[in-house]
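# Residue-level structural notes
Residue strings, one per chain:
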Amino acid sequence: MNKPLRRVAIFCGLLVLALLVRVNWVQFVQADELKNDSNNRRVAIERYSIPRGDIIVGDQPVTDSTTTGVGDYKYKRTYKNGKMWAPVTGYASQAFDANQLEKLYDKILTGTDDRLFFSRTVDMLTGRKQEGGDVVTTLNAKAQKAAFEGLGNKKGAVAALNPETGAILALATAPSYDPSTFAGMSDKDSEAYNALQKKNDPDDPTLNRALRQTYPPGSTFKVVTAAAALENGLYTDIDAPTDSPLPWYLPDTNHVPLPNEGNIPCKNASLREALRWSCNTVFGKISADLGNKKMMAEAEKFGFNNPKVDTPVRAAESIYPEDNRPQNAQAGIGQASNRATPIQMAMITAAIANGGKLMQPYMVDKLVAPNLNVVEQHTPKEMSQPLKPENAQKLQDMMETVVKNGTGTSAQIPGVTVGGKTGTAQHGEGNKDNPYAWFISYAKTDKGTPVAVAVVIEGSDTLRGDIAGGKLAAPIAKSVMEAVLSDKK
């Protein structure tokens, strides 16, 4: 072979080798990346080629699939009472992707998860139509309905947990939206979706306020300050007088007083009476006496300053700030830069009700293949131990006094022991905006403590002077607790 031909042959051989390398690279290295590329329409077509698996509450699906009758996408998602369940399910849209449980468990729901390989193989061999798997939640349908209807036209959120396991029983938010309205690809779906995307919309129906919105917790945080006092030995007897003068002045200020709300007996009040009447002076001084580091440490045991609280939908981080002495005193009564989500306040309540043990919150019990085999089963996990059992019992005694003859009497349930704490959190510069109304509570019977609840009302048509946790939030918490208890009879 002459020299020019040899060069051409070598060059062609290199081209063939490069082609083989490229083909193998695409097939074996880039396969998953290309398969999951959002611009690959084949993925989306396959995703909507079969009925999507369901999200289950109790033994009933709250989702469904229906044929579209047009285009490449054969099926689209539908929702049963979508507005009520949207904070749990999220949405799955042919045009706008998915979020929350619909997104996190997309492979299970579309039947493409590797753990469904055996089920898919059997379907292929038997000729059975391929289906997606199901996501079985921990939600309680009665509790969710009570929470959603209790919120009504008020802006706010409800979170309820089983203190003994961490299972989420209710997760409601208002205002809400129906994810069915933009599940397809039509112009009508686009209009419905775009209508929800208003910038700086204070009502934002797509915001999951139970998990993703933080608020000043107000006086509900005083249970954490009381826990810090007990755990650090500042006070041990909840019925003994505290060292709490009246008036009490914020530290490092020119005699700026920390006022109480109303003419209430707070001078040297015991922990029980201070929580019963919600004395700012007592709990502000406790926070100042303990100092910022000890207060922050106790708050963090309950879940504050943790950016990875996954339910599995990730909750926004609740913040107990590193701050100066006067700000720390105000953070100790749930103000200043103290911020918490409703799920965080439900976690605090659950830990107190569960003997001081905080369980990891979760809302998915198990994943089920189309053949009903369990693919994954959740096991409850302890998250932390914010309180010794004896101190948790003391806090329960204090919270039960609040409901028996304090600010939380509207949460009483005949024949049931209820503990709670009201809160009215200042809002806006100079407290110019209407305050937030809070209530946290738990219910227990001789069979255990099945439910802890946190309710926040961010906005309503109530006159400012009538806004209070005991009036607005406590009745909702009561209805949620009653709903859970009705299932335990």
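See the structure printed just above.
What comes next concerns the included structure. Worth saying up front: this structure is predicted, and the values here are computed from it rather than measured. (Residues numbered from 1 in each chain as written. Predicted model: local features only at pLDDT ≥ 70, side-chain atom pairs only at ≥ 80, totals over all residues. Heavy atoms only, no water.)

## Considering the overall build of the protein
Rules: Elements are defined by DSSP. Helices are runs of H or I of four residues or more, strands are runs of E of two residues or more, and each kind is numbered from the N terminus. Relative accessibility decides the category of a residue: with a 1.4 Å probe and only protein chains considered, values under 20% of the type maximum give buried, values over 50% give exposed, and everything between is partly exposed. By definition in these notes, contact holds between two residues if any of their heavy atoms fall within 4.5 Å. Where accessible areas are quoted, they stem from the Shrake-Rupley method and a 1.4 Å probe; at the residue level, only the protein chains shown are allowed to cover.
From N to C terminus, the protein includes 18 helices and 16 strands. Here the protein holds 489 residues, and 51% of them are scored as buried. Within the protein, contacts between residues separated by at least 24 positions form 68% of all contacts whose residues are at least 6 apart in sequence. For the protein, the computed accessible surface area is about 22,400 Å², with 52% contributed by carbon and sulfur atoms.

## Re the environment of T214
On the secondary structure map, T214 appears in the loop between α10 (209–212) and α11 (222–231). The exposure class of T214 is buried, given its relative accessible area of 15%. It is 9.6 Å that separates the C-alpha atoms of T214 and A315, two residues lying 101 residues apart in sequence. Those residues in contact with T214, other than ones at most four positions away along the chain, are A316, E317, R339, A340 and T341.

## Here we look at the state of the cysteines
Our working rule: Pairs of cysteine sulfur atoms within 2.5 Å are what we label disulfides.
Inspection of every chain in the model, using the stated rule, returns one disulfide. The disulfide partner of C266 is C279, and the S-S distance across this bridge is 2.1 Å. Here the disulfide of C266 and C279 is left-handed, its torsion about the S-S bond being about -85°. With C266 in the loop between α11 and α12 (271–277) and C279 in the loop between α12 and α13 (280–290), this residue pair connects regions lying 13 residues apart in the sequence. Note on accessibility: C266 and C279 belong to one class, buried.

## Some thoughts on the sheet that holds strand β11 (residues 364–368)
The test is simple: One bridge is not enough; two strands pair if DSSP finds at least two bridges between them.
Strand order in the open sheet formed by five strands is β2-β1-β7-β11-β12, and the pairing between neighbours is mixed. Edge strands, defined here as strands with exactly one partner in the open sheet, are β2 (60–61) and β12 (374–377). Pairing between β11 and β12: three bridges, direction antiparallel. Counted as the bridge partner of V368 is V374 from β12.

## Focus: the packing of α11 against α13
So the rule is basically this: In this analysis an axis means a line fitted to C-alpha atoms, helices contributing only their contacting stretch, and an angle means the value between N-to-C directions, from 0 to 180 degrees. Small angles under 35 degrees read as roughly parallel and large ones over 145 as roughly antiparallel, with 65 to 115 read as roughly perpendicular and the rest as oblique. Handedness of a crossing is defined here by the sense of rotation of the near helix relative to the far one, left-handed for an anticlockwise turn of less than a right angle and right-handed for a clockwise turn. Residue polarity is assigned by list, with Asp, Glu, Lys and Arg as charged and Ala, Val, Leu, Ile, Met, Phe, Trp, Tyr, Cys and Pro as nonpolar; anything else, Gly included, falls into the polar class.
At a closest axis distance of 10 Å, the pairing of α11 and α13 adopts a crossing angle of 50°. It follows from the interaxial angle that α11 and α13 lie oblique. The two elements α11 and α13 cross, and the hand of that crossing is left-handed. For the pair formed by α11 and α13, the contact residues are K222, T225, A226, A228 and A229 on the first element and N280, F283, I286, S287 and L290 on the second. Its residues assigned to classes, the contact of α11 with α13 shows six nonpolar, three polar and one charged.

## Remarks on the environment of D106
Turning to its location among the elements, D106 is positioned in helix α6 (residues 106–110). The buried category is assigned to D106, whose relative accessible area is 16%. C-alpha of D106 to C-alpha of V135: the two residues are 29 residues apart in sequence and 9.9 Å apart in space.

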